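# Structural overview for review
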Amino acid sequence: MQYRKFGRKDWRVSEIGYGMWGMGEWAGSDDEESLRALQTAVNLGCNFFDTAWGYGKGHSETLLGKLIHNNPEKNLLTATKIPPKNFKWPSRREFTLDDCYPPEHIEEYVEKSLKNLGLDSIDLIQFHTWEDKWVEDDRWVKKMDDLKSKGKIMGVGISINRWEPWNGVKTVKSGLIDAVQVIYNIFDQNPEDELFPACEAQNVAVIARVPFDEGTLTGNLTLESTWPKGDWRNTYFVPENLTSSVEHAEALRPLVPEGMSMAEMSLRFILGNPIVSTVIPGMRKLEHVRSNIGTSDAGPLPNTLMAQLKEHRWDRTPTDWSQ
């Protein structure tokens with residue numbers, strides 16, 4: 001495992017982190033299997049774990065808490081998220097700070113997360129939704145400063161809505177946050193336009209989420225793909241999205257080098273950008289943990305292939321189904 005600096009924080013984070021949404025409430029999740037996968041990741045050098053209260057109403061956080069207490073000798077970094085008060089994802093332009101993150105709500109859910117984790121302090125607390133206009137309302141800043149002074153949180157971040165990397169640039173430039181979490185992958189390259197330069201200038205860490213485009217970039221998605229009843233992907237891969245996603249993935253297939261999976265190529269594309277601090281694939285199976293973490297030691301993709309992948313940028317606009 002290779003490690004990178006996490007923005008202005010004095011942390012060395014594994015460049016392959018662990019996204020824990022899938023083990024919070026996705027269909028087919030099994031706690032024992034999840035804990036084995038998490039422990040395997042620790043054994044292989046992963047030290048950054050991203051969860052949220054919203055992943056199973058704290059269930060994913062409790063799993064992370066068990067992992068940390070099972071590894072007292074390890075310096076494992078905890079990143080979790082405060083849900084919006086109105087419990088609506090994604091945020092919309094008309095939502096106010098009072099709708100989503102009034103100070104008392106922030107404190108309430110930090111306390112809930114601390115209890116779920118069984119910890120006295122959270123390394124990185126993030127807003128699970130964000131509107132850039134909220135940077136002008138300093139009540140959230142004062143509350144975060146208060147929680148920092150009490151030692152309950154160490155760093156602050158925002159998670160940007162799907163396909164809206166512009167909707168965080170002002171906040172990054174304000175210097176008030178330590179990290180930004182954004183969708184970045186072979187298709188979603190638009191954070192490179194404005195967001196990444198702002199992060200570089202302000203020394204703000206970048207957490208790259210959704211590296212496989214919800215499964216499209218694993219190369220396993222087909223027009224016949226189905227998921228268990230209640231699985232979130234049923235509402236995301238509606239026919240309109242499923243068809244275009246498969247078409248874009250198939251256009252990539254001829255570029256996958258012999259002996260490499262599309263998933264490995266996708267992760268190594270992201271790691272090819274030095275602005276990225278860590279990428280957080282969702283992992284529930286042991287074989288996925290091993291293969292994803294293995295990409296860290298594989299090194300960068302050839303420059304020629306990187307240039308070819310750049311041509312597969314796919315700019316999309318949020319819709320009702322994109323959530």
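Summarised in this report is the structure supplied together with it.

Calculation notes
- Residues numbered from 1 in each chain as written.
- Predicted model: local features only at pLDDT ≥ 70, side-chain atom pairs only at ≥ 80, totals over all residues.
- Heavy atoms only, no water.
- Salt bridge = Lys/Arg side-chain N within 4 Å of Asp/Glu carboxyl O.
- Helix = DSSP H or I, 4+ residues; strand = E, 2+ residues; numbered from the N terminus.
- Buried < 20%, exposed > 50% of the residue type's maximum accessible area, 1.4 Å probe, protein only.
- Core = buried A, V, L, I, M, F, W, Y, C linked by side-chain atoms within 4.5 Å.
- Contact = heavy atoms within 4.5 Å.
- Arc of directions from axis to C-beta.
- Phe/Tyr/Trp six-rings, centres within 6.5 Å; stacked < 30°, edge-to-face > 60°.
- Lys NZ or Arg CZ within 6 Å of the ring centre and 35° of its normal.

### Some words on the pattern of salt bridges
Taken as a whole and assessed by the stated rule, the structure comprises 27 salt bridges. Ionic pairing is found between Asp-213 and Arg-316, a salt bridge with its closest N-O pair at 3.0 Å. With Asp-213 in the loop between strand 9 (205-209) and helix 9 (233-236) and Arg-316 in the segment after helix 13 (303-310), this pair connects stretches of sequence that are 103 residues apart. Summarising the burial analysis for this pair, Asp-213 and Arg-316 share the class buried.

### Let's talk about the nonpolar core
Grouped together as the largest cluster of nonpolar side chains are 80 residues, with contacts concentrated most on Tyr-18, Phe-49, Trp-140 and Met-144. Broken down by element, this core gets its largest block of residues, 7 residues, from helix 11 (residues 262-271). Contacts of Trp-140, omitting those with residues within four sequence positions, involve Leu-97, Ile-106, Phe-127, Trp-130, Trp-134, Val-135, Val-156, Leu-176 and Ile-177. Within the second largest apolar cluster, 11 residues are counted, among which are Trp-11, Ala-79, Ile-207 and Ile-280.

### Remarks on helix 12 (residues 286-294)
For helix 12, the complete set of buried residues consists of Val-289, Asn-292 and Ile-293. The buried residues of helix 12 occupy an angular sector of 95 degrees when projected down its axis, which confines them to one face. Its buried side turned inward, helix 12 meets strand 3 (18-19), helix 2 (31-43) and helix 11.

### Section: the packing of aromatic side chains
Enumeration over the complete set of coordinates arrives at 22 aromatic pairs. Their ring planes at 50 degrees and their centres at 5.9 Å tell us that Trp-53 and Phe-87 sit as a pair that is tilted. One end of the pair, Trp-53, is in the loop between strand 4 (48-50) and helix 3 (59-70); the other, Phe-87, is in the loop between strand 5 (77-82) and helix 4 (97-100), and 34 residues separate them in sequence. With relative accessibility at 12%, the residue Trp-53 sits in the buried group. For Phe-87, a relative accessible area of 38% puts it in the partly exposed group. Aromatic pair Trp-53 and Tyr-109: ring centres 5.1 Å apart, planes at 85 degrees, arrangement edge-to-face. Note that Trp-53 is positioned in the loop between strand 4 and helix 3 and Tyr-109 in helix 5 (residues 103-117), a separation of 56 residues in sequence. Above the plane of the ring of Trp-163 lies Arg-162, whose end atom (NZ or CZ) is 5.8 Å from the centre. Lying over the aromatic face of Trp-314, Arg-316 brings its terminal NZ or CZ to 3.9 Å of the ring centre.

None of the figures reported here should be taken as evidence of function without further support.
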